[in-house]
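# Remarks on the overall topology
Take a look at the letters that make up each chain.
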Amino acid sequence: MEVVNHSQAKATREKDMDSVGLMIGWTLRIGIAISSVIIIFGLILLYAEGQSGYEANLYPTHIKDIMQGCFALKPYGVILMGLLALMLTPVFRVGISIIAFLIEKDYLYTVITLIVFSILIISFYIGRMA
């Protein structure tokens, strides 16, 4: 009787891992699709306007400036927003993984993923300062 319970538990765990893999895969696909649409829209704006929306050699470098340029429909601001969304997609994926591992009660992978997430956040902060 224990063999049946063990195999049922193993099957349930494999099913959970498959669903986590699917959720992570969809997160990446959706993030890439959204960023692609934003970038293509920015390229269309650039082609239609024939200019970047910024003075020569002056482009936004901070998130706040990129968002303002995007909302003002400046072509380079929109393109940079799409690139920012593309860069944040894997970070979001790591965040989703933390939640998935917590739901599965896999605390070792939760801690490892939290460390990876922390390193990503710290690297963004350090990169912003440079």
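Conventions adopted
Residues numbered from 1 in each chain as written. Predicted model: local features only at pLDDT ≥ 70, side-chain atom pairs only at ≥ 80, totals over all residues. Heavy atoms only, no water. UniProt positions renumbered as here; feature names shortened; annotations may be inferred. Helix = DSSP H or I, 4+ residues; strand = E, 2+ residues; numbered from the N terminus. Expected span 1.5 Å × (residues − 1). Bend = angle between axes of the 7 residues up to and from the residue. Phe/Tyr/Trp six-rings, centres within 6.5 Å; stacked < 30°, edge-to-face > 60°. Buried < 20%, exposed > 50% of the residue type's maximum accessible area, 1.4 Å probe, protein only. Lys NZ or Arg CZ within 6 Å of the ring centre and 35° of its normal.

Labelled according to an unreviewed UniProt entry, the chain appears under the name DUF1634 domain-containing protein, originating from Sporolactobacillus mangiferae.

On the UniProt side, "transmembrane region" (unreviewed entry) is annotated at positions that read residues 26-48, 76-101 and 107-127 here. Structurally, residues 76-101 is divided into 100% helix and 0% strand, and its ends, taken at the C-alpha atoms, are 38 Å apart. Taken as a whole, residues 107-127 contains 100% helix and 0% strand, while its terminal C-alpha atoms sit 30 Å from one another.

What follows is about helix H3 (residues 75-104). Here H3 contains 30 residues, and its C-alpha end-to-end distance of 43 Å stays within 8% of the 44 Å for a straight helix at 1.5 Å per residue. At Thr89, H3 shows its strongest bend, of approximately 30°, with the proline Pro90 following within four residues.

What follows deals with the packing of aromatic side chains. Scanning the entire structure with this criterion turns up 3 aromatic pairs. Ring geometry for Tyr59 against Tyr76: centres 5.1 Å apart, planes inclined by 35°, an arrangement best described as tilted. Of this pair, Tyr59 sits in the loop between helix H1 (2-49) and helix H2 (63-71) while Tyr76 sits in helix H3; the two residues are 17 residues apart in sequence, bridging distant segments of the chain. Residue Tyr59 is classed as partly exposed on the basis of its relative accessible area of 39%. Chaining the aromatic ring pairs together yields one cluster made of Tyr54, Tyr59 and Tyr76. In this structure, Arg29 packs its charged tip against the face of Trp26, placed 5.2 Å from the ring centre.

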